[in-house]
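# Results of the structural survey
Each chain is listed here by its residues.
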Amino acid sequence: MAHLLGDFILQPDSWVADKESKKLKSIYLYIHVLIHMALSFVFLWDIQLWWITALVGVSHFIIDAAKLSFQTIQNKKSWFFVDQVLHVLVITGISFYYSEFNFNFLKDITILKILGAALFLTTPASVIIRILLSSWTPAPEPAGNIQTDSLSNAGKYIGILERLLVFTFIMVDHWEGVGFMVAAKSVFRFSDLAQAKQRKLTEYVLIGTLLSFGNGSFNGNNNQININLIKTI
C-alpha cells in the first residue's frame with residue numbers, strides 16, 4: 001500500500017520529468033524517497049521497526065538512482081518494470097523475514113489448477129491457435145491498397161487478454177461479461193474487415209476468435225467443474 005501511494009499517487013508527472021532531466025541532482029528524487037520512508041513508518045507505526053523504514057528508503061534511493069543513471073529513451077519501458085520488480089522484491093523480502101508472506105497457498109490444489117489454466121491461456125494457447133490456423137493464413141494485401149498498419153504483436157496480446165478475461169468471467173460466474181466481450185470485439189473488428197473486403201481474412205479472423213474464446217470458455221468451465229468436485233469430496 002505504501003509503495004503504491006508513494007510511487008504513483010503521491011508522485012506528480014512533473015516530479016518524474018524533473019528526475020529524468022536532472023537525474024541525481026533533482027531535489028524531487030530525495031523528496032520522493034523521504035515520502036516512501038514516511039509512508040513506511042506510518043503503516044508500520046512501530047518505532048522499534050525504524051530499521052525497516054531506513055531499509056526501504058536506502059533501497060528505494062539506490063534502485064531509483066540506478067534507473068535514472070542507466071535509463072534511455074529506448075529502454076525506458078524496460079527500466080520501469082525492472083524498477084518496480086526490484087521494489088516489490090525488497091518489500092517481499094521484508095515480509096518473508098517477518099513471516100507475513102509465504103507460499104503456503106501454493107499447496108492448495110484449487111489455486112494451482114486456476115494458476116495453471118491461466119498460464120496455459122497466455123503464450124501456450126497463442127502458439128496452439130497459430131499452428132491450427134497456419135495452413136489458412138491469408139496472403140497479405142499489396143502495400144498501398146488498404147491501411148494495414150498495426151501495433152507490433154498486438155493480435156497476440158489481444159488474444160491473451162481476451163482469453164484471460166473470458167476465463168475470469170466464467171470463474172466468477174458472470175457469463176454476461178463474455179457476451180459483452182464478443183459483442184465489443186465484433187463491433188471493433190467489423191469496420192476493419194469491411195474495409196479489407198477479403199472473405200478469407202474475415203473467415204480467418206472469425207475462426208481465430210472462436211478458437212480463442214472457446215479456449216478460454218473450456219478452461220473456465222473445466223476448472224469450475226473440478227473445483228466443485230473437490231468441494232464435494
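Report follows, based on the coordinates.

Criteria and thresholds
Residues numbered from 1 in each chain as written. Predicted model: local features only at pLDDT ≥ 70, side-chain atom pairs only at ≥ 80, totals over all residues. Heavy atoms only, no water. Axes fitted to C-alpha atoms, helices over the stretch in contact; angles between N-to-C directions. Helix = DSSP H or I, 4+ residues; strand = E, 2+ residues; numbered from the N terminus. Parallel < 35°, antiparallel > 145°, perpendicular 65-115°, else oblique. Left-handed = near helix turned anticlockwise from the far one by under 90°. Contact = heavy atoms within 4.5 Å. Nonpolar A, V, L, I, M, F, W, Y, C, P; charged D, E, K, R; others polar. Core = buried A, V, L, I, M, F, W, Y, C linked by side-chain atoms within 4.5 Å. Buried < 20%, exposed > 50% of the residue type's maximum accessible area, 1.4 Å probe, protein only.

Two elements in contact, helix 1 (residues 2–9) and helix 3 (residues 27–44), have axes whose closest approach is 9 Å; the angle formed by their N-to-C orientations is 155°. When the interaxial angle is binned, helix 1 and helix 3 end up roughly antiparallel. For the pair helix 1 and helix 3, the crossing hand works out as right-handed. Across from Ala2, His3, Leu5, Gly6 and Asp7 in helix 1, the residues of helix 3 making contact are His32, Ile35, His36, Leu39, Ser40 and Phe43. Classifying every residue of the contact of helix 1 with helix 3 gives 5 nonpolar, 5 polar and 1 charged.

On to unusual backbone geometry, then. With a phi angle near 55°, Lys23 is a residue other than glycine that sits in the positive phi range. Inspection of the secondary structure puts Lys23 in the loop between helix 2 (13–22) and helix 3. The backbone of Trp45 sits at a positive phi, close to 50°, despite the residue not being glycine. Inspection of the secondary structure assignment puts Trp45 in the loop between helix 3 and helix 4 (50–70).

Among the nonpolar cores identified, the biggest contains 5 residues, and these are Val166, Ile170, Val178, Met181 and Phe213. Secondary-structure elements contributing two or more residues to this core are helix 8 (154–171) and helix 9 (175–196).

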